[in-house]
Amino acid sequence: MDKIVVNGGRSLKGTVRISGAKNAALPILISSLLVEGVNTYTNVPDLMDIHSTTLLLSKLGARVETGGSRVCIDAAGLIEHEAAYDLVRKMRASVLVLGPLVARLGKARVSLPGGCAIGARPINLHLKGLAALGAEIELKHGYVEASAGRLKGADIYFDIVTVTGTENLMMAAVLADGTTTLRNAAREPEVVALADTLVKMGADIEGAGTSIITINGVDSLKPAETSIIPDRIETGTFMMSAVLTRGDITLVDCEPDHLGATINIMRQTGADIETTDNSIRVTMQGEINSVDVKTQPYPGFPTDMQAQFMVLMSIADGSAMISETIFENRYIHVSELIRMGANIKVDGNIAIVKGVPKLSGAPVMATDLRASASLILAGLVADGSTRINRVYHLDRGYESIEKKFAGLGADIKRIK
Ligand code: EPU
C-alpha cells in the first residue's frame, strides 16, 4: 500500500491549480442517469471516488468514456437498477443513484451504506423524502428497495440539513409529476452546481442555494455539457498550508466566493488574503492567532475543513475551542496529532487545542479523507519525517496531492 513521506520545515511558496470538486462531480456524473444521450463533463478530477462512480454507472448500463479531465456518459442503455454492497461500501455517495434510478426506471435496489469512520451517517431523510414523492420503500437483506410509478411532487421538510439528501431528492423530483418543495435544503455550492446542471438538461428548478428549493417536474430531460466547479475543500486545505508554513501561495482556478467562512477565519489567524474572481493569494508571517471555530452547514465553516484547521490551531499562540456539529465522530485525527506532540483535549463534540511551539514527525494514519489531509499538513510543519499510511483515503478526494505540495517546495514523496 502506498505511503506519503513528508519532511517538515519548508516554507511553501508558489502557485497551485485547484482541481474540480469531488463532491460536485459525484452527483453531477450520477445525474446522467436521468437522461438518454451523451452528457459531457469537463474539469472532472482524477480521483478514486470518480473511478468508483464511473464504474457504478457502467455497471448500471451507461456508456462511459474518459479522457483526461473530460468524461462523457450516455445512460441510454440503462439496464440495471442495483448498486451493490461492494461499491457502496467503498463510496457512500453511491446512494445518490437512488433518486435518479427511481425517477427514470421506477425502481432501484441500493445497498444501505452503514456507518463510516466519521459517524453513523443514516440515509433516513433520503428515504423519507422518496416515500413522500410516492416511492414504496422496503429494507431487505441490507438493501433499500424502492419502486414507484411516476413520482408525484410533494412538500418535503428536512429535519436536518443534508447535502446528498437534498441532491438525491432534487434528482428524483425533476421528472416527477407536479411541484416539489424542499425545505431546510442544503445550500452548499455543490447543490447549486447540480441544480445548474439539471437546469441545463431542461429541469425547472428555483431557489438552489437557498433553504427552499422548488422543482416543477418535467416529462423528460436532454443531455448537457457541464464544467465541474473548483473544489473549495482542496482550496481551503492549500490555504491552510500557506498559513502553517508561513508561506506565500497563490491558488488559481478556484472560486473565492465559495470560501467565505474559511477566508474569514483564516484572516483572524493573522493571514493576509487577497482574492480576485478566480484566485486567492495567502501570505503569512509571524505567530498564528488562536481562533474558536464551530462547523456548520454552508455558508458556515465546513466540517470538511475542521481537521486541517485543528493542525493550524495546534501550533497557534494560545488556546482554541473547536466544535464539530455535523458528524459525531469526526475527531479521528486527534489521537494522531497528539502522537505528533499536539496538546488537544476532546470532550464530546468540543476539542480544546492548546498551541505548542513545534510538532514532531511520526508514522501516522487515518481512516478518513480529511483527517488524512490534516496529517500531511501536520507533517509539513513538524520536525523531522512524518510517514502517512493508508494513502488511499487521500486518493479518494485529493488529486495529485503530493505533486501539488512538491510544486510549492515541500519535501514530500509517495512511496509505492
Ligand atoms: N443525516 C441524517 N439522516 C440523513 C442524512 C444525513 O441524520 O438521511 C445526518 C448525518 O448523519 C450528518 C448530517 O445529517 O450528521 C449531515 O450529513 P449530510 O447528509 O449533509 O452529509 P453527506 O451528504 O453524507 C456530504 C459530503 C461530505 C460532507 C458532508 C457535510 C458528499 C459526497 N459528501 O456528505 O463530504 O462532509 O456533506 O458537508 O457530498 C468529504 O468530502 O470528505 C465528505 C465527508
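Residues numbered from 1 in each chain as written. Predicted model: local features only at pLDDT ≥ 70, side-chain atom pairs only at ≥ 80, totals over all residues. Heavy atoms only, no water.

> So what exactly am I meant to see when it comes to helix α7 (residues 189-200) here?
One turn of an α-helix holds 3.6 residues; hence residues three or four places apart share an orientation. Spanning 12 residues, α7 covers 16 Å between terminal C-alpha atoms, matching the ideal 16 Å at 1.5 Å per step. Among all positions of α7, only Pro189, Glu190, Val191, Ala193, Leu194, Ala195, Thr197 and Leu198 are buried. Each element contacted by the buried residues of α7 is listed here: α1 (22-30), α6 (163-173), β12 (204-206), β13 (212-216), β14 (225-227) and α8 (232-244). Gly202 sits one or two positions beyond α7 and adopts a positive phi of about 110°. (Helix = DSSP H or I, 4+ residues; strand = E, 2+ residues; numbered from the N terminus. Expected span 1.5 Å × (residues − 1). Buried < 20%, exposed > 50% of the residue type's maximum accessible area, 1.4 Å probe, protein only. Contact = heavy atoms within 4.5 Å.)

> Help me out: how do you make sense of the nonpolar core in this one?
The tendency in soluble globular proteins is for nonpolar side chains to be buried as a group. Formed by 74 residues in total, the largest nonpolar core has its most connected members in Met170 and Leu198. With six residues, the top contributor of residues to this core is α1. Setting aside chain neighbours within four positions, we find Leu198 in contact with Ser31, Leu34, Met170, Met171, Val174, Ala203, Ile205 and Leu221. Formed by 71 residues, the second largest nonpolar core is a distinct cluster that contains Val311, Ala316, Ala366 and Ala382. (Core = buried A, V, L, I, M, F, W, Y, C linked by side-chain atoms within 4.5 Å.)

> Help me understand the pattern of salt bridges, please; the structure alone is not making it clear to me.
A side chain with one charge can pair with a side chain of the opposite charge if their charged atoms come near. Scanning the entire structure with this criterion turns up 24 salt bridges. Here Glu336 and Arg339 are joined by a salt bridge, their closest N and O atoms 3.2 Å apart. Of this pair, Glu336 and Arg339 both sit in helix α11 (residues 332-339), separated by three residues, roughly a single helical turn. On the accessibility criterion, Glu336 (12% relative accessible area) is buried. (Salt bridge = Lys/Arg side-chain N within 4 Å of Asp/Glu carboxyl O.)

> When you look at the site of the ligand in this model, what are you seeing that I'm missing?
In the vicinity of the ligand lie 21 residues, with Leu125, Thr162, Thr164, Asp304 and Ile326 positioned nearest. A distance of 3.4 Å separates an oxygen atom of the ligand from a polar atom in the side chain of Arg330. Arg370 is positioned such that a nitrogen or oxygen atom in its side chain is 2.8 Å from an oxygen atom of the ligand. When residues of the shell around the ligand are traced back to their parent elements, those giving at least two are α1, α5 (124-132), α6 and α12 (369-381). With three residues, the single largest contributor to the shell around the ligand is α5. When its residues are assigned to classes, the shell around the ligand shows 10 nonpolar, six polar and five charged. Taken together, domain 1 (3-19 + 230-415) and domain 2 (22-227) each give at least three residues to the shell around the ligand, which thus spans both. (Near = heavy atom within 4 Å. Polar contact = N/O pair within 3.5 Å; in protein donor to acceptor, adjacent residues only side chain to side chain. Nonpolar A, V, L, I, M, F, W, Y, C, P; charged D, E, K, R; others polar. Domains from an automatic or database assignment.)

> Looking at this structure, how should I read the packing of aromatic side chains?
For any pair of aromatic rings, the description rests on two quantities: the centre-to-centre distance and the angle between the ring planes. Evaluation of the coordinates by the stated rule reveals two aromatic pairs. Arranged with centres 4.5 Å apart and planes meeting at 35°, the rings of Phe238 and Phe405 form a pair that is tilted. Of this pair, Phe238 sits in helix α8 while Phe405 sits in helix α14 (residues 401-407); the two residues are 167 residues apart in sequence, bridging distant segments of the chain. Judged by its relative accessible area of 0%, Phe238 falls in the buried class. When the ring centre of Tyr143 is taken as reference, the NZ or CZ atom of Arg109 above it lies at 3.9 Å. (Phe/Tyr/Trp six-rings, centres within 6.5 Å; stacked < 30°, edge-to-face > 60°. Lys NZ or Arg CZ within 6 Å of the ring centre and 35° of its normal.)

> Would you mind showing me how to read the domain arrangement of the protein here?
Think of interface size as the accessible area that goes away when the parts come together; that is how it is often given. Domain boundaries in the protein define domain 1 (3-19 + 230-415) and domain 2 (22-227). Each of domain 1 and domain 2 was reduced to a C-alpha centroid, and the two centroids are 30 Å apart. Opposite the 23 residues of domain 1 that make contact, domain 2 presents 19 residues. Both sides together, the interface formed by domain 1 and domain 2 hides about 1800 Å², and carbon and sulfur atoms give 52% of it. Across the contact surface, domain 1 and domain 2 share two salt bridges. Arg396 is paired through a salt bridge with Asp49; the nearest N and O atoms lie 3.0 Å apart. Between domain 1 and domain 2 we count 10 residue pairs in polar contact (both at pLDDT 80 or more) in total. Among the secondary structure elements, those contributing two or more residues to the side of domain 1 that touches domain 2 are α12 and α13 (392-397). With three residues, the single largest contributor to the side of domain 1 that touches domain 2 is α13. Grouping the constituent residues of the side of domain 1 that touches domain 2 by class yields seven nonpolar, five polar and 11 charged. (Buried area = accessible area lost by both parts, 1.4 Å probe.)

> Help me understand unusual backbone geometry, please; the structure alone is not making it clear to me.
Comment: phi is negative for the bulk of residues other than glycine, and the bulk of peptide bonds are trans. A cis amide bond links Tyr298 with the next residue in sequence, Pro299, at an omega value of 10°. With respect to the helices and strands, Pro299 occurs in the loop between β18 (293-294) and α10 (306-314). The residue Ser400 is not glycine, and still its phi comes out positive at about 45°.

> Sorry, what's going on with empty space enclosed by the protein here?
If a probe as big as a water molecule is rolled over the atoms, it shows which places are left empty. Counting across every chain of the model gives one cavity of 30 Å³ or more. Within this model, the largest cavity holds a volume of roughly 30 Å³. Along the walls of the largest cavity sit Ser19, Gly20, Lys22, Pro45, Leu47, Asp231, Glu234, Gly397, Tyr398 and Glu399, which together make up its complete lining. Of the residues in the lining of the largest cavity, the class split is three nonpolar, three polar and four charged. Built from parts of two domains, the lining of the largest cavity gets at least three residues from each of domain 1 (3-19 + 230-415) and domain 2 (22-227). (1 Å grid on protein atoms, 1.4 Å probe; cavity = no way out; pocket = protein on both sides within 12 Å on 5 of 7 lines; lining within 4 Å. Points joined across faces, edges and corners; volume = space filled by probe spheres on them.)

> Just checking my understanding: could you explain the sheet that holds strand β2 (residues 13-17) for this structure?
Backbone-to-backbone hydrogen bonds pair the strands of a sheet. The strands run either parallel or antiparallel. In space, the four strands of this open sheet follow the order β2-β15-β17-β16, with mixed pairing throughout. Each edge of the sheet is formed by a strand with only one pairing partner; in this case those strands are β2 and β16 (272-275). Averaged over all pairs of adjacent strands, the angle between their axes in this sheet comes to 15°, without regard to strand direction. Bridge analysis of β2 against strand β15 (residues 248-252) gives five bridges, and the strand direction is parallel. By the bridge assignment, Thr15 is partnered in β15 with Thr250. With respect to the sheet, α8 is in contact with β2, β15, β16 and β17 (279-283), its orientation differing from that of β15 by roughly 165°. (Pairing = 2+ DSSP bridges. Axes fitted to C-alpha atoms, helices over the stretch in contact; angles between N-to-C directions.)

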